[in-house]
Amino acid sequence: MRIHIATDHAAFELKQYLVERLTEDGFDIVDHGASVYDAADDYPPLMIACGEAVAAEPGTLGIVLGGSGNGEQIAANKVRGIRAALAYNVELAELARQHNDANVVALGGRMQTLEEGYDIVRTFLDTPFSEEERHARRIAMVEAYEAGRS
Ligand SMILES: O=C(CO)[C@H](O)[C@H](O)COP(=O)(O)O
């Protein structure tokens with residue numbers, strides 16, 4: 001499975017860790033930066049690039065990282081077709097896939113250990129959408145709004 005990933009400076013170490021672990025696990029990782037640590041970098045262009053890559057390639061998933069994950073989630077969600085969910089524990093990561101069919105997960109690198117971050121991300125990547133009608137119906141309502149049909 002192809003995974004798109006991006007971070008700003010605040011989760012640079014977490015991104016490096018995830019790229020290494022997920023590559024070992026057999027995932028095809030596309031790294032959208034930041035490619036070097038720069039304490040003054042800005043997250044929006046990095047997260048939007050990651051979101052655009054996910055939206056352009058259905059079936060892929062994305063990981064956006066920052067200090068809290070909040071701004072990263074907000075930026076990724078500006079991309080048409082992106083459903084980005086903030087996950088700070090494995091239960092949220094699981095629900096993001098099962099109920100929301102999220103295609104991007106946002107994590108705060110300052111909010112958990114590297115190993116906890118990996119567990120959250122692996123849960124997100126390993127959990128399928130439930131396909132339950134009520135969840136599909138609600139997602140379709142959001143998509144209709146996004147498409148200007150509601
Ligand atoms: O999480 C973030 C946005 O939601 C950023 O990573 C965070 O705001 C960066 O903070 P600073 O510039 O103080 O290192």
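Provided above is the structure to which this section pertains.
The numbers attached to residues start from 1 for each chain and follow its sequence in the written order. The predicted origin of the model limits local features to residues at a pLDDT of at least 70 and limits the giving and counting of side-chain atom pairs to 80 or more, whereas totals for whole chains, interfaces and linings rest on all residues. As a convention, hydrogens and water are excluded, and side-chain values are obtained from all of the structure's heavy atoms.

What follows is about the side chain of His9. Numbered from the N terminus, helices here are DSSP runs of H or I no shorter than four residues, and strands are runs of E no shorter than two. Tracing the backbone through its elements, the reader meets His9 in the loop between strand E1 (2-7) and helix H1 (12-24). Accessibility here uses a 1.4 Å probe with only protein chains present; expressed as a share of the type maximum, an area under 20% marks a residue as buried, one over 50% as exposed, and anything in between as partly exposed. Judged by relative accessible area, His9 falls into the buried class, the value being 19%. We call two N or O atoms a polar contact when they sit within 3.5 Å, provided that within protein one can donate a hydrogen and the other can accept it, with sequence-adjacent residues counted only if both atoms are side-chain atoms. At 2.5 Å, the side chain of His9 and the side chain of Asp41 are in polar contact.

Turning our eyes to something else, we now look at the side chain of Asp41. Within the secondary structure, Asp41 is located in the loop between strand E2 (28-31) and helix H2 (43-56). Discounting chain neighbours no more than four positions away, the residues touching Asp41 are Asp8, His9, Ala34 and Leu46. Whether two residues touch is decided by their heavy atoms; if any such pair falls within 4.5 Å, the residues are in contact.

Every case where a carboxyl oxygen of Asp or Glu lies within 4 Å of a side-chain nitrogen of Lys or Arg is listed as a salt bridge. In this structure the tally under the stated criterion is eleven salt bridges. One salt bridge in this structure joins Arg122 and Asp126, with 3.1 Å as the shortest N-O distance. You can see Arg122 and its partner Asp126 sitting in helix H5 (residues 114-126), four residues apart, about one turn around the helix. Overall, the relative accessible area of 21% leaves Arg122 in the partly exposed class. When the shortest N-O distance is used, the salt bridge between Glu133 and Arg137 registers 2.6 Å.

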